[in-house]
Amino acid sequence: MEKLYKDEITSYIVGNREDFYSKLLSKADGVASKISEILQKGNIDLLKNAEKLVQFVVENREAELTAFARQEGIAWAEHSLTLQFKLEWVHAIRRTIWHYLKDYDEEENAHLSISEFRKLIYQMEKQINDSLDQFLNSFFISYSEYKDELINSQRKTVEHLSVPIIPLSAHVAVLPLIGIIDVYRMYTIEEKVLTDIARLKIKTLILDLSGITDMDMEVIHHFQKVLDGTSLMGCKAVITGLRPELVRKMIQLGVTFDDKAEMKGTLQQTLPEYYKPELS
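As the structure is a prediction and not an experimental result, all values here were calculated from the model. (Residues numbered from 1 in each chain as written. Predicted model: local features only at pLDDT ≥ 70, side-chain atom pairs only at ≥ 80, totals over all residues. Heavy atoms only, no water.)

J.: Give a detailed account of helix α9 (residues 183–200), specifying residues and quantitative values.
T.: The α-helix advances 3.6 residues per turn, and as a result positions three or four apart in sequence lie on the same side. With 18 residues, α9 ought to run about 26 Å at 1.5 Å a step, and its terminal C-alpha atoms sit 25 Å apart, in line with that. Where α9 terminates, the next one or two residues include Lys201, which has phi positive at roughly 55 degrees. (Helix = DSSP H or I, 4+ residues; strand = E, 2+ residues; numbered from the N terminus. Expected span 1.5 Å × (residues − 1).)

Structure below.
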């Protein structure tokens, strides 16, 4: 009986599609004016999607509901649509479902006893609310995951741009490092250095540290591994611009780079030794 009841409600709503759309829009004033804009911006048809959501919710099709929620989350995140609109829209759908459930029961279930009617209503109320909450939960998780991936991708792009390996000649390049070096950025430096040594066929890489005032112990050890990797790639590392503050810290920690790289003074002093422009 319950399944038949759900199917009948779905058919009742779909059969009154235009009225359903009208009632839904009247309950979501803040979204109604944005229907065309959202369709144009994200190719998202809110009314058709609302009808699909209602079918999944009323008929308790959990797998399809979750998949649809994740699809919607990605679409809204991808096109930077406002979450406030989504919340208002789903709450309007909730209220509209109940409006049609009430109308259907008044028309079709007059023959049921009060106890049977109450039991049926209670079951439907719990299922509809649980299903809509499940939809919103899956939607927000998907939305958040997409945004996090986008932010990480953008951060990685920015970090790669902050590791500019500049070719000086066919086999010599310089890497000026500036700002704070944390472990995350050191991983980016490692990836960029090893990749570009192979890609550019670099034989000598000058790493200028004049823009670095401090490194913690973990970063220093990771930097040593980068130097080891540089050597394994058949590339000579040359370090310039070590600042007094960093040198003092390295002395206190008992670590050094001189067994892994050639140490020079400033970049300006070092460049003439390695940069010899070809005569035309």
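J.: Outline the sheet that holds strand β2 (residues 172–178), supporting the account with residue identities and numerical values.
T.: In space, the five strands of this open sheet follow the order β1-β2-β3-β4-β5, with mixed pairing throughout. The sheet terminates laterally at β1 (166–167) and β5 (262–263), the two strands that pair on one side only. With two bridges joining them, β1 and β2 adopt antiparallel strand pairing. In the sheet register, Ile166 faces β2, and the bridge partner there is Val174. Together, β1, β2 and β3 (204–211) form the strand contacts of α9, whose direction differs from that of β2 by roughly 170 degrees. The sheet contacts of helix α12 (residues 267–274) involve β2, β3, β4 (236–240) and β5, and relative to β3 the element is tilted by about 170 degrees. (Pairing = 2+ DSSP bridges. Contact = heavy atoms within 4.5 Å. Axes fitted to C-alpha atoms, helices over the stretch in contact; angles between N-to-C directions.)

J.: Quick rundown of empty space enclosed by the protein? Include the residues and the values.
T.: If you walk through the whole model with that rule in mind, you get one cavity of 30 Å³ or more. In this structure, the largest cavity spans a volume of roughly 50 Å³. Forming the boundary of the largest cavity are Asn49, Ala50, Leu53, Phe68, Glu72, Lys86, Trp89, Val90, Ile93 and Phe135. Elements supplying a minimum of two residues to the lining of the largest cavity: α5 (46–58), α6 (62–78) and α7 (83–108). (1 Å grid on protein atoms, 1.4 Å probe; cavity = no way out; pocket = protein on both sides within 12 Å on 5 of 7 lines; lining within 4 Å. Points joined across faces, edges and corners; volume = space filled by probe spheres on them.)

J.: Give a detailed account of the pairing of β3, specifying residues and quantitative values.
T.: Buried residues dominate β3, accounting for six of its eight residues. Taken together, the six bridges between β2 and β3 define a ladder with parallel strand orientation. Following the sheet pairing, Ile178 is matched in β3 by Gly211. With five bridges connecting them, β3 and β4 associate as parallel partners. Following the sheet pairing, Thr204 is matched in β4 by Lys236. Once you follow β3 into helix α10 (residues 217–232) and on to β4, the crossover reads as right-handed. (Buried < 20%, exposed > 50% of the residue type's maximum accessible area, 1.4 Å probe, protein only. Right-handed = clockwise from strand over helix to strand, strands pointing away.)

J.: I'd like a description of the pattern of salt bridges, backed by residues and values.
T.: A full pass over the atoms with the stated rule returns 14 salt bridges. In this structure, Arg61 engages Glu59 in a salt bridge whose closest nitrogen and oxygen atoms are separated by 2.7 Å. The partly exposed category is assigned to Arg61, whose relative accessible area is 26%. Here Glu59 falls in the partly exposed class, since its relative accessible area comes to 22%. Ionic pairing is found between Lys86 and Glu72, a salt bridge with its closest N-O pair at 2.5 Å. (Salt bridge = Lys/Arg side-chain N within 4 Å of Asp/Glu carboxyl O.)

J.: With reference to specific residues and values, describe the packing of α9 against α10.
T.: A pair of packed helices is characterised by two quantities: the angle between their axes and the separation of those axes. Closest axis-to-axis distance for the α9/α10 pair is 10 Å, and the angle between their directions is 5 degrees. Viewed along their axes, α9 and α10 adopt a mutual orientation that is roughly parallel. Here α9 contributes Val183, Met186, Tyr187, Glu190, Val193, Leu194 and Ile197 to the contact with α10, which in turn contributes Glu218, Val219, His222, Phe223, Val226, Gly229 and Thr230. In terms of residue class, the contact of α9 with α10 is made up of nine nonpolar, three polar and two charged. (Parallel < 35°, antiparallel > 145°, perpendicular 65-115°, else oblique. Nonpolar A, V, L, I, M, F, W, Y, C, P; charged D, E, K, R; others polar.)

J.: So, the environment of Glu218: which residues are in play, and what are the values?
T.: Looking at the secondary structure, you find Glu218 in helix α10. On the basis of relative accessibility, which here comes to 51%, the residue Glu218 falls in the exposed class. Separated by 36 residues in sequence, Glu218 and Asp182 have C-alpha atoms that sit 8.7 Å apart.

J.: So what's going on with the pairing of β2? Which residues, and what values?
T.: Taking burial as the measure, the seven residues of β2 include five buried ones, the bulk of the element. Remark: four residues form the turn of the hairpin made by β1 and β2, two consecutive strands paired antiparallel. Of the crossover connections in this fold, the one passing from β2 over α9 to the parallel β3 is right-handed.

J.: Before we move on, could you go through the packing of aromatic side chains and cite the residues and values that matter?
T.: Across all of its chains, the model carries eight aromatic pairs by this definition. Arranged with centres 6.3 Å apart and planes meeting at 20 degrees, the rings of Phe135 and Phe139 form a pair that is stacked. Linking Phe135 with Phe139, this pair stays in helix α8 (residues 114–161), spanning four residues, or about one helical turn. Like Phe139, Phe135 is buried. (Phe/Tyr/Trp six-rings, centres within 6.5 Å; stacked < 30°, edge-to-face > 60°.)

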